[in-house]
Amino acid sequence: MPRLFLLDDSGGRLALLAAGMASLQGAPGFSQVIPCSPAAPSDDPLPAAALAEVGLLLPPVVQNFSTLQRSPADLLVSIGREPFPGASAHWACSFPDDDAPPLARRAGARIARDLLARLLDALPR
């Protein structure tokens, strides 16, 4: 069964939100959902807090994309403002800026979480 790789360039924050929602909603057709980032994972607590609000207390761990082995059957979805080269699909989504007011950051993380949950539902199975 293929795996679903979720890749973003914001330290894995968007990928973490999407993978967390996949673990809550299920990801039929995939053996594993792996959030990843091309650089070091972010230590921002906001994605985990946004997931905790909907019942996920132990979010998945963001992996370094360059160290992961993929098979041709795996699906790579890039998340963010720009598509990642080689991705099978791209989901346009953004995370609140780090210098935004705290309330705006929390609201933006919730909006991103809910958008990613809808995009996951629309994945071909």
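One structure accompanies this document, and this report is about it. Nothing here was measured: the structure is a model prediction, and the numbers come from that model.

Turning our eyes to something else, we now look at the nonpolar core. Among the nonpolar cores identified, the biggest contains 29 residues, and Leu4, Leu6, Ile79, Trp91 and Leu116 are the most heavily contacted of them. Where this core is concerned, the elements lending two or more residues are β1 (3-8), α1 (13-25), α2 (46-52), β4 (75-80) and α3 (102-121). Among the elements that make up this core, the one with the highest residue count is α1 (eight residues). Look past the residues within four positions of Ile79 in its chain and what remains in contact with it is Leu6, Leu7, Asp8, Asp9, Leu14, Ala15, Ala18, His90, Trp91, Cys93 and Leu116. In this structure, Phe5, Leu7, Ile34 and Leu76 belong to the second largest nonpolar core, which totals six residues.

Mapped onto the elements of the fold, Val62 is located in the loop between α2 and β3 (63-64). Measuring from C-alpha to C-alpha, the distance between Val62 and Pro41 comes to 6.1 Å, with 21 residues separating the pair along the chain. Beyond its immediate chain neighbours, meaning those up to four positions away, Val62 contacts Gly11, Gly12, Leu16, Pro35, Cys36, Ser37 and Pro41.

Before going further, it helps to examine α3. Residues separated by three or four positions in an α-helix point in the same direction, a consequence of the helix having 3.6 residues per turn. With 20 residues, α3 extends 29 Å between its outermost C-alpha atoms, agreeing within 8% with the 28 Å of an ideal straight helix rising 1.5 Å per residue. For α3, the complete set of buried residues consists of Arg105, Gly108, Ala109, Ala112, Arg113, Leu116, Ala117 and Leu120. Lining the buried residues of α3 we find β1, α1, α2, β4 and β5 (89-92).

Through backbone hydrogen bonds, the strands of a sheet pair up, either in parallel or in antiparallel fashion. Strand order across the open sheet formed by five strands is β3-β2-β1-β4-β5, with parallel pairing between neighbours. Every interior strand has two partners, whereas the edge strands, β3 and β5, have only one. Inspection of the sheet shows β4 paired to β5 by four bridges, in the parallel sense. Looking at the pairing, Ser78 lines up with His90 of β5. Its contacts with the sheet place α1 against β1, β2 (32-37), β4 and β5, and it is angled at close to 150° to β1.

Overall, the coordinates contain eight salt bridges when judged by the stated rule. For Asp44, the salt bridge is made with Arg105, and the minimal N-O distance between the two is 2.5 Å. In this pair, Asp44 sits in the loop between β2 and α2 while Arg105 sits in helix α3, placing the two residues 61 residues apart along the sequence. Look at Arg105 and you get buried, because its relative accessible area is 14%. A salt bridge links Asp114 to Arg113; its shortest N-O distance comes to 3.0 Å. Connected via shared salt-bridge partners are Arg13, Asp44, Asp98 and Arg105.

Quick look at α1 now. The end-to-end C-alpha distance of α1, which contains 13 residues, comes to 18 Å, matching closely the 18 Å that a straight helix rising 1.5 Å per residue would cover. Burial within α1 is extensive, with ten of its 13 residues counted as buried. All buried positions along α1 are accounted for by Arg13, Leu14, Ala15, Leu16, Leu17, Ala18, Ala19, Gly20, Met21 and Ala22. Looking at the buried residues of α1, the elements they touch are β1, β2, α2, β4, β5 and α3. Trailing α1 by a residue or two, Gly26 shows a phi angle of about 90°, which is positive.

About the cut-offs
Residues numbered from 1 in each chain as written. Predicted model: local features only at pLDDT ≥ 70, side-chain atom pairs only at ≥ 80, totals over all residues. Heavy atoms only, no water. Core = buried A, V, L, I, M, F, W, Y, C linked by side-chain atoms within 4.5 Å. Buried < 20%, exposed > 50% of the residue type's maximum accessible area, 1.4 Å probe, protein only. Helix = DSSP H or I, 4+ residues; strand = E, 2+ residues; numbered from the N terminus. Contact = heavy atoms within 4.5 Å. Expected span 1.5 Å × (residues − 1). Pairing = 2+ DSSP bridges. Axes fitted to C-alpha atoms, helices over the stretch in contact; angles between N-to-C directions. Salt bridge = Lys/Arg side-chain N within 4 Å of Asp/Glu carboxyl O.

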